[in-house]
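Each chain, letter by letter, is given below.
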Number of protein chains: 2
Amino acid sequence: MTIRDVAALAGVSVGTASRVLSGNSATSPAARERVRVAAEKLGYRPDARARALRSTRSHAVGLLVSDVRNPFFADIAHGAEQAALASSYVTLLANANEDTAQQDTYLEAFLTQRVDGIIVAPQGEGGGNLRAVERARTPLVFVDRTVDGFDVPSVTADNAQGIELAVAHLAALGHTRVGYIGGPSSVSTGRARHEAYLAAVARHGLDDDAELVTVGDFRSASGAAATAKLLAGRRPPTALLAADSLMAVGALGEVRRQGRRIGADVALVALDDIELFRELDPPLTVVAHDARALGERAMRLLLDVIDGRPAASQVLPMRLVVRESSTGRSGR
Amino acid sequence: MTIRDVAALAGVSVGTASRVLSGNSATSPAARERVRVAAEKLGYRPDARARALRSTRSHAVGLLVSDVRNPFFADIAHGAEQAALASSYVTLLANANEDTAQQDTYLEAFLTQRVDGIIVAPQGEGGGNLRAVERARTPLVFVDRTVDGFDVPSVTADNAQGIELAVAHLAALGHTRVGYIGGPSSVSTGRARHEAYLAAVARHGLDDDAELVTVGDFRSASGAAATAKLLAGRRPPTALLAADSLMAVGALGEVRRQGRRIGADVALVALDDIELFRELDPPLTVVAHDARALGERAMRLLLDVIDGRPAASQVLPMRLVVRESSTGRSGR
DNA sequence: TTGTATGCGTTATCAT
DNA sequence: ATGATAACGCATACAA
């Protein structure tokens, strides 16, 4: 089932059939009609690979997120995908699973598939196939995270501002010991948020006890472990600040298991908002990004790069959403 | 940067270079070494499109989920992806967003990309491009859901058993009025679970009041709306059964907004388990599937179909996980 | 406007 | 074991 079959049935040459089907050049109304009918009757569908091979444009872009099971990245993916669809690009979504090796595997796949461009929420030192993407001159955009030493346009959140909002909020409530559940230093957001935490603690004159700082991996189990460690300290924190939503989930469970109550016994603020956090009892105070906007903008930025338009990095603001997990105004 | 460049640098013909790079036929150790070195030096990466065009095997499979932002489908995707990787297939993940039009858009994309096979969690009546996939004879597997009138191997959960477990559990606790928050009838799991609910209610002699049955769309807002309706009835239910996790989330929020407490004032059981449900206060009683296993098995089934091996549909059991949202043994 | 012929990068066939 | 060459399905330059 190729374009030859369509051309034969329509009684025209493959050239004419091709022109009609790709909707480009000049064709007669008569030919147009006959080709369309023939294609319809045969259920013909052009071979995107052959088309791309010939025209050096695949109309496909790769999107590599760190963890699809993290609602934050699922939202990014959703936003990016919708934006791509609006420009009739298909998105190939891949999942690095917070694993540098899998990141390389999928970058490799994108490269061999000859996608028109790649969006990635990167991790690691920027070795491996990120350099290969650069060498291949495949248009590249970072989303949420960046990697030092890469001159790549990016769409990120203002992590420093977000952390400052959270710490200021807790300080205003009278907390002096804020336990920090941080992300891995192998990820730019992990580093940025950690530094911002230290700066904010200093700025607001809070305890800068090293015992108050823990490190997780942006997954819930590590959040639980970090919380256990924090609460077991000699002078446990009165408030917890989790650097991402999954670790906040872990913290939630650990606090409950220790027979304490979020809001009443210990305050909790999470970075990243997920729908569910609104519905909890008590609802969670968060520093929110618009993940969907992050994805949309990253995709539009990528399409700009692909089409040779100027592309400048963007930093989106975060905003504090105060709910009862920090104010303690629970219904109890 | 093509295989010709590699061949030239290695001082061999393109034929030999191709043979070495695809690792297939007989090649001399000397040629192997020279080609590998040349490819390495040039940073050569084969063009998957050209390769697929010639060999009629793309080593890519399409996975179309109903909603990536639903953790259940994110887990399915993760399981499928890992299984594909183990057989060195790349997974193209697409998101139908619970929308039949988008489902068709991505099926179309898969077809034009000439993927080797497709896994889909389908919705709708099975018109549109599902038929086109069938006509194109592209290997197809359903996961989680099915569509009537399609003879397609599938991996699904035993919905009837799951609902029965939940209703039996609630009945044993003495509930006679169980409010049901159902899924859309356009989805097979929505229909199966609704029927199972009716059957289980009859079997256990519970109230079969029509007022106790509501319909949502597998998203949280609809769960909240359904809950509001149920609780506003003349004789409100003492227990709620939500047909998926997102609608359970909506129920959670609505109950809280009405000043009632899950577990103490009204029991809640959800179908689908998500990590977060364990960590809630109170933890949620669920009827769980192993979403990851669902994805893995669907992928292995698809690879069986692709390779012409026999492929039989599988139904995976669900299991009841009792937590405090139904027993009311909350810490309060 | 239409047809013919060439090439995209690769693998497969057929020689040698 | 290796080289030369055709073919995969399509778009396009060129000729008509």
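Residues numbered from 1 in each chain as written. Chains lettered and ligands numbered in written order. Predicted model: local features only at pLDDT ≥ 70, side-chain atom pairs only at ≥ 80, totals over all residues. Heavy atoms only, no water.

In the nomenclature of an unreviewed UniProt entry, chain A corresponds to LacI family DNA-binding transcriptional regulator from the organism Streptomyces millisiae.

Q: Provide a residue-level description of the sheet that holds strand E10 (residues 285-288) of chain B, including the pertinent values.
A: Hydrogen bonds between backbone groups are what pair the strands of a sheet, and the pairing can be parallel or antiparallel. All names here are of chain B. Taken in spatial order, the six strands line up as E7-E6-E8-E9-E10-E12 in an open sheet, and their pairing is mixed. What marks the edges here is a single partner per strand, and that holds for strand E7 (213-215) and strand E12 (319-321). For this sheet the average axis-to-axis angle between neighbouring strands, irrespective of direction, equals 20 degrees. In this sheet, E12 lies alongside E10 in antiparallel orientation, the contact comprising three bridges. What sits directly across from Ala-288, in E12, is Arg-319. Seen against the sheet, helix H9 (residues 188-203) touches strand E6 (178-182), E7, strand E8 (239-242) and strand E9 (267-271) and runs at an angle of roughly 165 degrees to E6. (Pairing = 2+ DSSP bridges. Helix = DSSP H or I, 4+ residues; strand = E, 2+ residues; numbered from the N terminus. Axes fitted to C-alpha atoms, helices over the stretch in contact; angles between N-to-C directions. Contact = heavy atoms within 4.5 Å.)

Q: Mind laying out the packing of helix H4 (residues 48-55) of chain A against helix H4 (residues 48-55) of chain B, listing which residues take part and the relevant values?
A: Where H4 of chain A contacts H4 of chain B, the two axes come as close as 9 Å, and the packing angle between them is 130 degrees. With respect to each other, H4 of chain A and H4 of chain B are oriented oblique. In the crossing of H4 of chain A with H4 of chain B, the sense of the turn from one axis to the other is left-handed. When H4 of chain A is examined against H4 of chain B, the residues Arg-49, Ala-50, Ala-52 and Leu-53 of chain A are found in contact with a partner set consisting of Arg-49, Ala-50, Ala-52 and Leu-53 of chain B. The class makeup of the residues in the contact of H4 of chain A with H4 of chain B is six nonpolar, no polar and two charged. (Parallel < 35°, antiparallel > 145°, perpendicular 65-115°, else oblique. Left-handed = near helix turned anticlockwise from the far one by under 90°. Nonpolar A, V, L, I, M, F, W, Y, C, P; charged D, E, K, R; others polar.)

Q: Describe the side chain of Asn-159 of chain A, naming the residues involved and giving the relevant values.
A: All names here are of chain A. Within the fold, Asn-159 resides in helix H8 (residues 159-172). Of the polar contacts made by the side chain of Asn-159, one reaches the side chain of Arg-193; its length is 2.7 Å. If sequence neighbours within four positions are ignored, Asn-159 has contacts with Thr-189, Ala-192, Arg-193, Ala-196 and Met-318. (Polar contact = N/O pair within 3.5 Å; in protein donor to acceptor, adjacent residues only side chain to side chain.)

Q: Hey, could you go over the relation of the copies chain A and chain B for me, with residue numbers and the actual values?
A: Expressed as a screw operation, the relation of chain A to chain B combines 0.0 Å of axial shift with a rotation of 180 degrees, fitting to an RMSD of 0.1 Å. Overall, the copies show the geometry of a two-fold rotation axis. (Least-squares fit on C-alpha atoms with pLDDT ≥ 70 in both.)

Q: Before we move on, can you summarise unusual backbone geometry with the specific residues and values?
A: Most of the time, phi is negative for any residue but glycine, and the peptide bond is trans. Omega for the bond connecting Asp-281 of chain A with Pro-282 of chain A falls within 30 degrees of zero, at 0 degrees, which places this linkage in the cis form. Examined against the element boundaries, Pro-282 of chain A turns out to sit in the loop between helix H12 (275-279) and strand E10 (285-288). Unusually for a residue other than glycine, Arg-137 of chain A sits at a positive phi of about 60 degrees. A positive phi angle, close to 55 degrees, is found at Glu-98 of chain B, a residue other than glycine. Along the chain, the position of Glu-98 of chain B falls in the loop between strand E2 (90-95) and helix H6 (100-113). You can call Glu-98 of chain B buried: its relative accessible area is 16%. (Buried < 20%, exposed > 50% of the residue type's maximum accessible area, 1.4 Å probe, protein only.)

Q: So what about the packing of aromatic side chains? Which residues, and what values?
A: Under the definition given, this model contains six aromatic pairs over all chains. Relative to Phe-73 of chain B, the ring of Phe-72 of chain B lies with its centre 5.1 Å away and its plane at 65 degrees, an arrangement referred to as edge-to-face. Judged by its relative accessible area of 4%, Phe-72 of chain B is buried. Given a relative accessible area of 3%, Phe-73 of chain B falls into the buried group. Here the guanidinium or amino end of Arg-131 of chain A rests over the ring plane of Phe-150 of chain A, the centre of that ring lying 3.8 Å away. (Phe/Tyr/Trp six-rings, centres within 6.5 Å; stacked < 30°, edge-to-face > 60°. Lys NZ or Arg CZ within 6 Å of the ring centre and 35° of its normal.)

Q: An account of the protein's contact with DNA strand C is requested, with residue identities and associated values reported.
A: Lining the immediate surroundings of DNA strand C are 24 residues, of which Thr-16, Ser-28 and Arg-54 of chain A together with Ile-3 and Tyr-44 of chain B lie closest. A share of 65% is what sugar and phosphate atoms reach among the atoms of DNA strand C within 4 Å of the protein. A distance of 2.7 Å separates a base nitrogen of DNA strand C from a polar side-chain atom of Arg-19 of chain A. At a separation of 2.3 Å, a phosphate oxygen of DNA strand C approaches a polar side-chain atom of Tyr-44 of chain B. By residue number, the principal contributor to the surface near DNA strand C is helix H2 (residues 14-22) of chain B, which donates four residues. (Near = heavy atom within 4 Å.)

Q: How would you sum up the interface of chain A and chain B? Please name residues and give values.
A: Counting residues at the interface gives 53 residues for chain A, matched by 53 residues for chain B. A buried area of about 5,100 Å², summed over both sides, lies between chain A and chain B, and 53% of it is on carbon and sulfur atoms. The largest share of the area that chain A buries against chain B comes from Arg-45, Arg-49 and Glu-279 of chain A, three residues that together contribute 16% of it. Summed over the shared surface of chain A and chain B, the number is six salt bridges. Here Asp-47 of chain B makes a salt bridge to Arg-114 of chain A, at a shortest N to O gap of 3.9 Å. Inspection of the region where chain A meets chain B yields 27 residue pairs in polar contact (both at pLDDT 80 or more). Where the side of chain A that touches chain B is concerned, the elements lending two or more residues are H4, helix H5 (71-86), strand E2 (90-95), helix H6 (100-113), helix H7 (128-135), helix H11 (245-257) and H12 of chain A. Ranked by residue count, the leading element in the side of chain A that touches chain B is H6 of chain A, at eight residues. (Buried area = accessible area lost by both parts, 1.4 Å probe. Salt bridge = Lys/Arg side-chain N within 4 Å of Asp/Glu carboxyl O.)

Q: Please provide a residue-by-residue account of H5 of chain A, values included.
A: With 16 residues, H5 of chain A ought to run about 22 Å at 1.5 Å a step, and its terminal C-alpha atoms sit 23 Å apart, in line with that. Where burial is concerned, most of H5 of chain A is hidden: 12 out of the 16 residues are buried. The complete set of buried residues in H5 of chain A reads Phe-72, Phe-73, Ala-74, Ile-76, Ala-77, His-78, Gly-79, Ala-80, Glu-81, Gln-82, Ala-83 and Ala-84 of chain A. Packed against the buried residues of H5 of chain A are strand E1 (60-65), E2, strand E4 (140-143) and helix H13 (291-306) of chain A together with E2 and H6 of chain B. (Expected span 1.5 Å × (residues − 1).)

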